[in-house]
Amino acid sequence: MKIDSYSRGWKVLLSGKIRLTIFSIIFLLLSTTVPLSSSQQINQTSLPLNFTEGQFLYSPMWTTTTYLRYPDGALNHSWTSSYFPGIAVWWLGDGTILRTIRTGSGGGTGGSGGGVQIVEWDGTITWDFRYNTGGVLSHHDIKTLPNGNILLIAWETKTRTEAIAAGRNPSYVTSSGLWPDHVIEVQQTGPTSGEIVWEWHVWDHLIQDFDSSKENYGVVGDHPELVDINYATSTQQDWMHTNSIDYNADFDQILISVHNFNEIWIIDHSTTTDEAASHTGGNSGKGGDLLYRWGNPMTYDEGTTSDRKLFSQHDSSWIDEGCPGEGDILIFNNGANRPGSHYSTIDQITPPVDENGQYYLAPGTAYGPETQTWMYIANPPTSFYASHISGAWRLESGNTLITNGESGKIFEVTPEGSTVWQYNSGGQVFKVVYIPPEEPSPPPQNETTPNLDCSGSLSWTDIKPGATVAGNFQILNIGDNESLLNWTIDASSISWGTWSFTPDSGTGLTPEDGSLTILATVITPDEPDSVFEGSIKVINIDDPTDYDFIIVSLSTPLKIVPPWIEFLQQFLSHILQNHPVLQALLNQFIS
C-alpha cells in the first residue's frame, strides 16, 4: 500500500497518546521488520546494438503512439491513437496490431483499460470494442487465440453486501465493495461489436474459513483449487490485480499472473461457460477450478513465508515452441517486498505437468517446483529493480529479452546472464512484444520511408512551482543519403506550462548532419504537489504521416514536511504492509 493511502490519518497518528503508542510499536517491531531500502536504478551504460534479428513493438504508457522498431532502435513504423494504452499491445501480423486503450470510464486503478482496437498499417481501425459499462472494465493484458478471438482480463463490481455474503471479512472491505477479476473470450461481430463466447469468474471458485454462516465456508488448506476470499487483507477494491494473461494451445489452458496473491494460476479453457462456473467438466474434469498455482503457497495454507517465491510479479507466460525451455513458464518477478532487499529477477519454472495437461500435487504439500529451472539475477542484484509493470520473452537463441518497464530499458541477456543488447525507450513501458524476422510485412508500395526519428525525453522532478527549467532532445534524419528533412514541433497537446523550443523548426537536415539537439524550456505551472505529463510531436513538414514523439513529465514538490515526519510516514507504511493486524487497527482510526 502506498504512503498516500494513509494521508488522511497522519494527523490522527501524530497526535497525543496515539503518537506515543505508534512510537512504542515502532521500537517493539524494530527487531522483526525488514529495513527499508531505496529503489535502485539500473545501469544505463551504453552497449553495442547486437540484437540482430527480429523487431520489437511497444506502447509507452503515457503517450498515444505505438512503435515498431528495428534492432538498432531505428523506427520502422508507428501508429497513433486518441487514447493512452490500457496497457498492452499485441502483434497480429501483416502490419496489423491489437492494442488496448484507456477509455477513462468505468473506474479502475493501475492498468485500467476499457477497450481494444485492431489497427492496420495505415492507421485504419477495423475493430473498436469497449468493455467498460455495467460495472466491468478490461485492464492490463490481452491475448489472441488461434481462432482469432481475444482473451481479456477484466474487473467486475461486487458490493460490500455481496462480498460479506461470500465470506469476506467485513474489516477487509469498504463501502465501495470489491473488484474481483474475470476473463472473457470475445469474438468480433462487427466494426464496434463483439460476442462474449466464453467467460470465467473467480467469484465462482471461492473458499473461506472466516464465517461458517456465510457462503463458501470450508477448510482452505483442503482446497488448493479454490481461492481464499480473505487472503489479501487490504481494503482496496482491486482485490487480485491480475496483470498478465497467456494461452497454451496444446493443453487449451490459460495462465494468469495474480499480483496481490504473489501467484500464477492456470485454468481450463476447454470448458463451456457453464462448466467454467462449476467444479466439473472440461479436459481436466475440474471445471473452472484452479488447475495449478505457484509462487506463494500461504494462499492455500501450505508453507510459510520462507516458501514464497514470487513478489508482486508481472508477465507470466509459457515459453514458445522452438525456444529453449519450451513449455516452461517465464515470470518477471518484480521483487517488491522481497526479504532482504528489493531487486527483480526473471524466473523460469518447470511445472509438474504430464502430457495430458494434468498437474501433480501430493496431498498435504504445495505445488512444485521447489526451485526455479533458471533465473536471471543482476550483479549486484539491486542494480536491476522495477517495482511494477515489466516483462520477459524467451528468444529462439536461448537469450531472454527483458523489459524494465519503470525505466523503459529493454535489454537482452544470455543464459549466463551477460547483457548483449539494450535500448532505452525513454519512457515507461508495460512490456515489449518480440516479432521474429520472418513475420513483419513490408510496407505497402505507396508508403514512403520515414525520414524523421527522435530520441530522448524531458523529465523534471521536485521543481518549484513557477520556476523555469530546461532540457533537450534530439532530431535525426534516418532517410536515404540524399534526403532532406524539413521539420517542425507541435506541443499543442500539452495543456500545462509555458513552452519554448530552440529551434522550433528547421529545414534541410541530412543524414550526414547527425542528430540535431533541441533545447526545450518550460515555465512550471504554479501548482504544488502535482504531476504533469504529456508528449511533444515532431513532424516532417513534407510528409505529416512521418512524425515521432518526445515523452514529457514534470512534478512539483510536496508540501514541505519535517524530515522526521517523512521518515515516520515511510517507516509506518512499511510496517503496515507487513503487519495486517496493525493495518486493520489504523483503518479503525481513520475510517
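Residues numbered from 1 in each chain as written. Predicted model: local features only at pLDDT ≥ 70, side-chain atom pairs only at ≥ 80, totals over all residues. Heavy atoms only, no water.

Across its full length, the protein holds 6 helices and 35 strands. A buried classification covers 53% of the 591 residues belonging to the protein. Considering only intrachain contacts with a sequence separation of at least 6, the fraction spanning at least 24 residues in the protein is 59%. Only carbon and sulfur atoms are counted for the fraction: they give 51% of the accessible area of the protein, which is about 25700 Å². (Helix = DSSP H or I, 4+ residues; strand = E, 2+ residues; numbered from the N terminus. Buried < 20%, exposed > 50% of the residue type's maximum accessible area, 1.4 Å probe, protein only. Contact = heavy atoms within 4.5 Å. Areas by Shrake-Rupley, 256 points an atom, 1.4 Å probe, with all protein chains shown as cover.)

Turning our attention to the pattern of salt bridges. Using the criterion set out here, one finds 8 salt bridges in the structure. One salt bridge connects arginine 130 with aspartate 128, and the closest N-O pair in it is separated by 2.8 Å. Its relative accessible area of 31% is what places arginine 130 among the partly exposed residues. Under the relative-accessibility criterion, aspartate 128 is labelled buried at 18%. If you follow the salt bridges from partner to partner, you end up with Arg69, Asp453 and Asp548 in one network. (Salt bridge = Lys/Arg side-chain N within 4 Å of Asp/Glu carboxyl O.)

As summarised here, the arrangement of the 4 strands in space is β27-β29-β33-β31, forming an open sheet in which the pairing is antiparallel. The sheet terminates laterally at β27 (452–455) and β31 (498–502), the two strands that pair on one side only. Across the sheet, the axes of successive neighbouring strands diverge by a mean angle of 30°, strand direction being ignored. The pairing of β31 with strand β33 (residues 516–523) spans 5 bridges and is antiparallel. Across the sheet, threonine 502 pairs through a bridge with leucine 519, a residue of β33. (Pairing = 2+ DSSP bridges. Axes fitted to C-alpha atoms, helices over the stretch in contact; angles between N-to-C directions.)

The next thing to look at is the packing of aromatic side chains. In this structure the tally under the stated criterion is 25 aromatic pairs. Taken together, Phe56, Tyr58, Tyr67, Trp421 and Tyr423 form an aromatic cluster joined through their ring pairs. Sitting over the ring of tyrosine 343, arginine 338 keeps its end group 4.2 Å from the ring centre. Arginine 394 extends its terminal NZ or CZ atom over the ring of tryptophan 374, reaching a point 5.1 Å from the ring centre. (Phe/Tyr/Trp six-rings, centres within 6.5 Å; stacked < 30°, edge-to-face > 60°. Lys NZ or Arg CZ within 6 Å of the ring centre and 35° of its normal.)

Turning next to the side chain of threonine 556. When you line up the elements, threonine 556 lands in the loop between β35 (547–555) and α5 (563–578). The class of threonine 556 is buried, set by a relative accessible area of 4%. Reaching out from threonine 556, the side chain makes a polar contact with the backbone oxygen of glutamate 527 at a distance of 2.7 Å. Once you skip the residues sitting within four places of it in the chain, threonine 556 turns out to touch Asp462, Ile463, Pro465, Thr524, Pro525, Glu527, Pro528, Asp529, Ser530 and Phe532. (Polar contact = N/O pair within 3.5 Å; in protein donor to acceptor, adjacent residues only side chain to side chain.)

Let's shift gears to the sheet that holds β35. Pairing between the strands of a sheet comes from backbone hydrogen bonds, and it takes one of two forms, parallel or antiparallel. An order of β28-β35-β34-β30-β32 is seen for the 5 strands of this open sheet, with the pairing classed as mixed. Strands at the two margins of the open sheet, each flanked by one partner only, are β28 (458–460) and β32 (505–509). Looking at each pair of strands side by side, their axes are set apart by 15° on average, direction ignored. With 3 bridges joining them, β28 and β35 adopt parallel strand pairing. Each residue of the ladder has a partner; that of tryptophan 460, found in β35, is leucine 554.

A separate point is the confidence of the model for the protein. Taken as a whole, the protein shows an average pLDDT of 86; of its residues, 84% reach a score of 70 or greater. Within the model, the stretch residues 587–591 combines pLDDT values under 50 with 5 contacts to residues more than four positions away or in other chains. (pLDDT = per-residue confidence, 0-100.)

What follows deals with the nonpolar core. The biggest cluster of nonpolar side chains holds 45 residues, and the ones touching the most others in it are Leu57, Trp79, Trp91, Leu152 and Leu401. Val202, Val227, Trp239 and Ile267 belong to the second largest nonpolar core, which has 29 residues in total. (Core = buried A, V, L, I, M, F, W, Y, C linked by side-chain atoms within 4.5 Å.)

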